[in-house]
Amino acid sequence: MSDVLTITRPDDWHLHLRDGATMADVLPHTARQFARAIIMPNLRPPVTTTEQAAAYRDRILKALPAGMQFEPLMVLYLTNNTPPDEIRRAKDSGFVHAVKLYPAGATTNSDAGVTDLGKCYKTLEVMQELNMPFLVHGEVTDPAIDLFDREAVFIDRIMLPLRKVMPELKVVFEHITTKEAADFVMSDAGPTAATITAHHLLFNRNEIFKGGIRPHYYCLPVLKRETHRQALVAAAISGSDRFFLGTDSAPHAKGLKEHACGCAGCYTALHALELYAQAFDQAGALDKFEAFASFNGPAFYDLPRNAGTVTLRRESWTIPSELPMGDTTVVPLSAGEQINWKMA
Ligand SMILES: NC(=O)N[C@@H](CC(=O)O)C(=O)O
Ligand SMILES: [Zn+2]
Ligand SMILES: [Zn+2]
């Protein structure tokens, strides 16, 4: 059993940095581990234009502590009215790398999202033509569908019809949580990939209810039953280049998580690589970690692999109970628990 793991410097293909003072406090956690990250655009108001993405990118780079190297890969938030020309501007910019679908009402700050994907087909056609990846929060919002089934139903109602009309569109099924999604991604004829979070590899839905309701384990799509967790681990360690690392680290103030109507999102930027290493180690598949963390993402996005390496050691430490974030605090995932890997 190896106690030291050195891999090519990885990237995070799904990250929420927020803005302002919150961003200033969470960004160094990510930049310490990852060379680049796909920056989610669900701000208030959302990042819907290339111009807004440029301004957000500048704010991120200004907030980066001196001496840290990090490249934000920007994303546009798709609305019912995103014009096809906006995709051309995004492509020409060189810094917008994807466009994100938030079904309206599906998750945090999705109110401005898409109500009917059919309204976006002209825009999606241009994305297909320009090889612009389409990132998808894959849950239906139909209140008649059980919360735990919303991802699987999304495949039937949205993904399969989309694939019929856009066979060449690059699609990333974000933060997959089910066997159905893993199977779909593995077998789809089109250029399809998926991000998998550390928390969905490590935990099943029991974690939310252990000894009482534990809001820091609540995210969307919500954790699923153990058979699904096992299917996600199998996909991550399968060697398929369709699966890659995306933390979905989603900081919310402690008081808004520990609340009568708590926000969805797990904060993992602090210890992302260590959490993933733990999951791969438990699966006996540390040898598969580098491709998942450092190779498959850049290959899908047509970007070069990073130079340099990071090293993790088998060393037990305790995850802090909370961290400063703006004028409040954030509780990292598994706060107070021991973790067996540590970044050197
Ligand atoms: N994953 C989450 O539970 N929350 C994310 C939004 C998202 O990725 O769906 C957030 O922005 O807080
Ligand atoms: Zn999402
Ligand atoms: Zn997210």
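Preceding this section is the structure that the text describes.
Residues numbered from 1 in each chain as written. Chains lettered and ligands numbered in written order. Predicted model: local features only at pLDDT ≥ 70, side-chain atom pairs only at ≥ 80, totals over all residues. Heavy atoms only, no water.

*Asks:* Can you lay out the site of ligand 1 for me, pointing to particular residues and giving the numbers?
*Replies:* Around ligand 1 sit 15 residues in total, of which R18, T107, L220, D248 and H252 are the nearest. Interatomic distance of 2.6 Å between a side-chain N/O atom of T107 and an oxygen atom of ligand 1. The separation between an oxygen atom of ligand 1 and a polar side-chain atom of H252 is 2.8 Å. Starting from 320 Å² of accessible surface for ligand 1 in isolation, the protein chains cover 100%. The site holding ligand 1 turns out to be the largest cavity. (Near = heavy atom within 4 Å. Polar contact = N/O pair within 3.5 Å; in protein donor to acceptor, adjacent residues only side chain to side chain. Areas by Shrake-Rupley, 256 points an atom, 1.4 Å probe, with all protein chains shown as cover. 1 Å grid on protein atoms, 1.4 Å probe; cavity = no way out; pocket = protein on both sides within 12 Å on 5 of 7 lines; lining within 4 Å. Sits in = over half its atoms within 2 Å of the grid points.)

*Asks:* I'd like to hear about helix 5 (residues 150–165), residue by residue, with values.
*Replies:* Its 16 residues place the ends of helix 5 22 Å apart at the C-alpha level, agreeing with the 22 Å of an ideal helix rising 1.5 Å per residue. Maximum bend of helix 5: about 35°, positioned at D156. Among the residues of helix 5, those classed as buried are R150, E151, A152, V153, F154, I155, M159, L162 and R163. Those residues of helix 5 that are buried are in contact with strand 5 (96–101), helix 4 (121–130), strand 6 (134–136), strand 7 (171–173), helix 6 (179–187) and strand 8 (192–196). (Helix = DSSP H or I, 4+ residues; strand = E, 2+ residues; numbered from the N terminus. Expected span 1.5 Å × (residues − 1). Bend = angle between axes of the 7 residues up to and from the residue. Buried < 20%, exposed > 50% of the residue type's maximum accessible area, 1.4 Å probe, protein only. Contact = heavy atoms within 4.5 Å.)

*Asks:* Tell me what's going on with the coordination of the zinc ion (ligand 2), and back it up with residues and numbers.
*Replies:* Within the first shell, the zinc ion (ligand 2) binds the protein through H137 (ND1) and H175 (NE2), at distances of 2.0 to 2.1 Å. Note that the zinc ion (ligand 2) binds four donor atoms; their angles at the metal cover 54 to 149°, and the shape is irregular. If you look at the zinc ion (ligand 2) and the zinc ion (ligand 3), they sit 3.9 Å from each other. Pair noted here: H137 is in the loop between strand 6 and helix 5 and H175 is in the loop between strand 7 and helix 6, with a separation of 38 residues, a long-range link. Here the two residues H137 and H175 agree in accessibility, since each one is buried. (Donors = N, O, S within 2.8 Å, 3.2 Å for Na, K, Ca; no water. Tetrahedral: all angles 85-135°; square planar, octahedral: opposite > 155°, others 65-115°.)

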